[in-house]
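A look at the structure
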Amino acid sequence: FRARRDNIGHATDFMGWYFNKSEKSLGIPLADAKHQYLAYHEGRTGYARGSYQRKAWLRRVSDEVASRAILYDTQLRSCGMI
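Quick caveat, the model's predicted, so the values are computed rather than measured.

Remarks on the packing of aromatic side chains
Using the criterion set out here, one finds six aromatic pairs in the structure. For the ring pair Tyr18 and Tyr40, a centre distance of 5.4 Å and an interplane angle of 85° mean the geometry is edge-to-face. Of this pair, Tyr18 sits in helix H1 (residues 8–26) while Tyr40 sits in helix H2 (residues 33–49), and the two are 22 residues apart along the sequence. We classify Tyr18 as buried; its relative accessible area is 10%. You can call Tyr40 partly exposed: its relative accessible area is 43%. Taken together through their ring pairs, the aromatic side chains of Phe14, Trp17, Tyr18 and Tyr40 make up a single cluster. Of note, Arg44 hangs over the ring of Tyr18, and the distance from its end group to the ring centre comes to 4.3 Å.

Regarding the pattern of salt bridges
Two side chains of opposite charge can pair, provided their charged atoms sit close to one another. All chains considered together, the criterion is met by four salt bridges. A salt bridge links Asp73 to Arg77; the nearest nitrogen and oxygen atoms lie 2.8 Å apart. Remark: Arg77 and Asp73 occur in helix H3 (residues 56–78); sequence separation between them is four residues, near one turn of the helix.

Analysis parameters
Residues numbered from 1 in each chain as written. Predicted model: local features only at pLDDT ≥ 70, side-chain atom pairs only at ≥ 80, totals over all residues. Heavy atoms only, no water. Phe/Tyr/Trp six-rings, centres within 6.5 Å; stacked < 30°, edge-to-face > 60°. Helix = DSSP H or I, 4+ residues; strand = E, 2+ residues; numbered from the N terminus. Buried < 20%, exposed > 50% of the residue type's maximum accessible area, 1.4 Å probe, protein only. Lys NZ or Arg CZ within 6 Å of the ring centre and 35° of its normal. Salt bridge = Lys/Arg side-chain N within 4 Å of Asp/Glu carboxyl O.

Have a look at this one:
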């Protein structure tokens, strides 16, 4: 109830909660940054309906999110964080 978007701990907790719900309800793996992003942007119902398929710009952004996730994963692995 008192969570703040500008608090990284609160924001991270929310993202974890939301992504876990998306994994359970839509079957999107937690490691699938592209589709997790699409489900967050469109809402789980919109994602299930495929509303993102009519938005080329959003699919392009989700590809960028996926690329960034790979980059961050690589960086974390190289410094021993994972």
